[in-house]
Amino acid sequence: MAEPLLSVADLHAFYGESHALHGMNFDIAAGEVVTLLGRNGAGKTTTLKSIMGVLGQRRGSIRYQGQELIGLSSNAIARRGIAWCPEERGIFASLDVEENLMLPPTVRPGGMSLDEIFTLFPNLKERLRSQGTKLSGGEQQMLAIARILRTGATLLLLDEPTEGLAPVIIQQIGRVIAALKERGFTILLVEQNFRFAATVADRHYVVEHGTVVDMIENRNLAQHLDRLRERLGV
Ligand code: ATP
């Protein structure tokens, strides 16, 4: 693998007394789409929160472009070019689509223009004046991804973007991820839906009990499907 863009080594994370990550190790190269797969409670979301610096109690190392992120504030991490799209999506329900797209601060040069956003998400252009609450689940998810693209981030942390969505919308999300990869974005995707993960990712890390227990190249997935199913309990 080329020099990693992001390198997580022996990462431990805590919620108060509760020890949630027990030495996570994984790497992502620039331009890759990589998933963290695992059952509920395995530690996937906690890993994204740790990278983004929204979880204070961490130990170990998270190196991005060769520089240590542990110790930096989440703002400083965002300015390095990392953005997180949480499972709850983080859009403003009382604001319309355009207002939601105007709010995210550009933290780096290269934040996506509205024109480019609407090329990627044509349905958002049609819904420009619709309030967040009036959007379907799929539209809310698209808006949530669009908002983080406004910031100029190039490493995107996406937490279960397909959760609760219909198959046709999941396919649309898959096309967006492919288009973002084509544009050179690096994506770390948390998923429980491994069938979807297989359509978009280059590699998969399997997480159990706060640690990485397996790495599977997507091109070899067919050979390892039984192993993966057993690990995920599906
Ligand atoms: P899910 O898909 O259910 O979100 P996950 O793999 O993302 O699962 P995490 O949410 O990272 O898992 O949770 C990892 C562990 O940390 C679990 O044992 C969970 O109970 C615990 N945990 C998560 N959030 C908190 C919190 N706010 N306070 C205390 N413990 C937490």
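Residues numbered from 1 in each chain as written. Predicted model: local features only at pLDDT ≥ 70, side-chain atom pairs only at ≥ 80, totals over all residues. Heavy atoms only, no water.

An unreviewed UniProt entry lists the protein chain under the name Amino acid/amide ABC transporter ATP-binding protein 2 (HAAT family), with Stella humosa given as the organism. Looking at the Sequence similarities (unreviewed entry) heading of the UniProt record, one finds this comment for the protein chain: "Belongs to the ABC transporter superfamily." (UniProt positions renumbered as here; feature names shortened; annotations may be inferred.)

## Re the site of the ligand
Around the ligand, a shell composed of 13 residues is seen, among which Gly 41, Gly 43, Lys 44, Thr 45 and Thr 46 lie nearest. Asn 40 places a polar side-chain atom, nitrogen or oxygen, 3.3 Å from an oxygen atom of the ligand. Alone, the ligand offers 630 Å² of accessible surface; in the complex the protein occludes 60% of this. Sort the elements by how many residues they give to the shell around the ligand and helix 1 (residues 44–52) lands first, with three residues. Its residues placed into classes, the shell around the ligand shows three nonpolar, six polar and four charged. (Near = heavy atom within 4 Å. Polar contact = N/O pair within 3.5 Å; in protein donor to acceptor, adjacent residues only side chain to side chain. Areas by Shrake-Rupley, 256 points an atom, 1.4 Å probe, with all protein chains shown as cover. Helix = DSSP H or I, 4+ residues; strand = E, 2+ residues; numbered from the N terminus. Nonpolar A, V, L, I, M, F, W, Y, C, P; charged D, E, K, R; others polar.)

## A few points about the packing of aromatic side chains
Any aromatic ring pair is given by two values, namely how distant the centres are and how the planes are angled relative to each other. In this structure the tally under the stated criterion is one aromatic pair. Look at Phe 26 and Tyr 205: their rings are 5.4 Å apart centre to centre, the planes differ by 50 degrees, and that puts the pair in the tilted class. Remark: Tyr 205 occurs in strand 9 (residues 203–208) and Phe 26 occurs in strand 2 (residues 18–29); sequence separation between them is 179 residues. When sorted by exposure, Phe 26 lands in the same class as Tyr 205, which is buried. (Phe/Tyr/Trp six-rings, centres within 6.5 Å; stacked < 30°, edge-to-face > 60°. Buried < 20%, exposed > 50% of the residue type's maximum accessible area, 1.4 Å probe, protein only.)

## Some details on the sheet that holds strand 4 (residues 58–64)
Pairing is antiparallel in the open sheet, where four strands are placed in the order 2-1-4-5. Only two strands of the sheet have a single neighbouring strand rather than two, namely strand 2 and strand 5 (67–68). Sheet analysis places strand 1 (residues 4–15) next to strand 4, joined by six bridges and oriented antiparallel. What sits directly across from Val 8, in strand 4, is Ile 62. This element, helix 1, spans strand 1, strand 2 and strand 4 of the sheet and lies at about 70 degrees to strand 2. (Pairing = 2+ DSSP bridges. Contact = heavy atoms within 4.5 Å. Axes fitted to C-alpha atoms, helices over the stretch in contact; angles between N-to-C directions.)

## Focus: the pairing of strand 7 (residues 155–159)
The buried fraction of strand 7 amounts to five of the five residues, a majority that puts the element mostly inside the structure. Side-chain alternation along strand 7 places Leu 155, Leu 157 and Asp 159 on one buried face and Leu 156 and Leu 158 on a second face that is also buried. Both strand 6 (residues 82–85) and strand 7 contribute to a ladder of four bridges, which runs parallel. Residue pairing for strand 7: Cys 85 is matched across the bridge by Leu 158. For strand 7 and strand 8 (residues 186–191), the ladder comprises five bridges, and the chain directions are parallel. For Leu 158, the partnering residue across the bridge sits in strand 8 and is Leu 189.

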